Amino acid sequence: PQSSLTLLGLGDMGTALARTWLAAGHPLTVWNRTPAKAGVLAAEGAVAAPSAAAAVAANRLVVVCLLDDASVGAALDGIDLAGKDLVNLTTGTPAEARARAVWAEERGARYLDGGIMATPTMIGVPETGGYVFHSGSRALFDAHRAVLEVPAGARFVGENPGHAALHDVALLSAMWGMFAGISHAYALTEGEDIAPKDLAPLLSEWLGAMGFFVGNAAERLTSGDFTSGVVSNLAMQVAGSGTMLRTAEEQGVSTELVSPYVDLLRRRLAADPAAHGGEDTTGAILLLKR
Ligand code: NDP
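This is a predicted model, so every value here is computed, not measured. (Residues numbered from 1 in each chain as written. Predicted model: local features only at pLDDT ≥ 70, side-chain atom pairs only at ≥ 80, totals over all residues.)

1. Some details on the UniProt feature "domain: NADPH-dependent reductive aminase-like C-terminal" (unreviewed entry) in the protein
- On the UniProt side, "domain: NADPH-dependent reductive aminase-like C-terminal" (unreviewed entry) is annotated at positions that read residues 161-276 here.
- In the segment residues 161-276, helix accounts for 77% and strand for 0%; the C-alpha atoms at its two ends are 37 Å apart. (UniProt positions renumbered as here; feature names shortened; annotations may be inferred. Helix = DSSP H or I, 4+ residues; strand = E, 2+ residues; numbered from the N terminus.)

2. What to know about helix H6 (residues 138-148)
- Every buried residue of H6 is accounted for by Leu-140, Phe-141, His-144 and Leu-148. When H6 is viewed along its axis, its buried side chains cluster within an angular range of 110° and face the same direction. Looking at H6, the residues exposed on the side facing more than 90 degrees away from the buried face are Ala-139, Asp-142, Arg-145 and Ala-146.
- Buried residues along H6 sit in contact with strand E4 (61-64), strand E5 (85-88), strand E6 (110-117), strand E7 (131-136) and strand E8 (153-156). (Buried ≥ 20, exposed ≤ 12 C-beta atoms within 10 Å, placed from the backbone. Arc of directions from axis to C-beta. Contact = placed C-beta atoms within 7 Å.)

3. Re the UniProt feature "domain: 6-phosphogluconate dehydrogenase NADP-binding" (unreviewed entry) in the protein
- If you check UniProt for "domain: 6-phosphogluconate dehydrogenase NADP-binding" (unreviewed entry), the listed places come out as residues 5-152 in our numbering.
- Each end of residues 5-152 is marked by a C-alpha atom, and these two atoms are 16 Å apart; helix forms 40% of the span and strand 22%.

4. A look at the sheet that holds strand E3 (residues 47-48)
- Read from one edge to the other, the open sheet built from eight strands follows the order E3-E2-E1-E4-E5-E6-E7-E8, with strand pairing classed as mixed. The strands lining the two open edges of the sheet, one partner per strand, are E3 and E8.
- Inspection of the sheet shows strand E2 (residues 28-31) paired to E3 by two bridges, in the parallel sense. Directly across from Thr-29, in E3, lies its bridge partner Val-47.
- Against the sheet, helix H7 (residues 163-189) contacts E6 and E7, and its axis sits at roughly 10° relative to E6. (Pairing = 2+ DSSP bridges. Axes fitted to C-alpha atoms, helices over the stretch in contact; angles between N-to-C directions.)

5. Some remarks on the nonpolar core
- Counting residues in each nonpolar core, the largest one holds 48 residues, and the members touching the most others are Leu-7, Leu-8, Ala-18, Val-30, Val-63 and Val-64.
- At five residues, helix H1 (residues 12-23) tops the list of elements feeding residues into this core. (Core = buried A, V, L, I, M, F, W, Y, C linked by C-beta atoms within 7 Å.)

6. Topic: helix H8 (residues 196-210)
- Here H8 is 15 residues long and its end C-alpha atoms lie 20 Å apart, about the 21 Å a rise of 1.5 Å per residue gives.
- Judged by how many residues are buried, H8 sits mostly at the surface: zero of 15 residues are covered. (Expected span 1.5 Å × (residues − 1).)

7. Structural notes on the site of the ligand
- Among the 22 residues in the neighbourhood of the ligand, the closest are listed as Gly-11, Arg-33, Thr-34, Ser-71 and Thr-91.
- Class assignment for the residues of the shell around the ligand results in nine nonpolar, nine polar and four charged. (Near = placed C-beta within 6 Å. Nonpolar A, V, L, I, M, F, W, Y, C, P; charged D, E, K, R; others polar.)

Structure below.
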């Protein structure tokens, strides 16, 4: 028989997680603040607990997937967690995760934090490449790895409980920057005789080709060498950025999404043109750290 577990939170994500455990034959106890959602899962084979406390009492492994850290505190307030293995898949900040780990350990539980790198439709569909970052108790992760990997792949990124959230947010932040650039590109061509569907494959191909910056920046940040082998130097990039901003003006498009990055590159160059002009754009990262 498959191992049993409890899940608190049956929003879009919690419901998707629950269905994969039920499909894989894991006895599942569920609780949701609004009971109707637990009723749906009960009809599919889950045990709907009458309270969060009863749900927690039912199993050693307790997975939580609620809206935010405040809702985790609200749902678990006053509940006996002694001897529990608490896996918190609720999105939060690294500091919230570390505080929640201390909070759980004070109550006698082992704690593992998680950052879900998937949408609900990707849960239980391995081909989509979705997965979950985990950090915190290695012992908990090792003990429950098989059941944790039922909804999506599991990647352990260290014992610091904040590091799953930090990896999650780092990847999402890069994604937002990419979305901003794509949005600007479509705004530039909008209203011209350039169909979005014709620009789309060109954008995809270009973003793929420029993906080299990820590894390149990592190497330069590690070595501290920002100049060797540079083919597109900062002086040229800053000059070129003027063309990008003027084109936006000609097209009647706001520069609000791209100008903060241009400003950063200009500051890096202006700080010492002779020293930084031959760098690539990696040096601008140093200006971001407060
Ligand atoms: P939903 O908004 O669909 O569900 C939110 C859940 O939190 C519901 O079960 C809700 O209960 C519960 N909740 C909210 N406030 C409280 C509270 N004060 N006390 C108790 N329960 C509360 O969100 P998702 O399921 O989509 O997301 C859940 C988590 O997963 C979030 O942290 C989200 O960031 C993360 N996530 C979501 C992704 C997505 O694409 N959906 C992707 C990756 C991560 P009720 O039903 O009673 O309102």
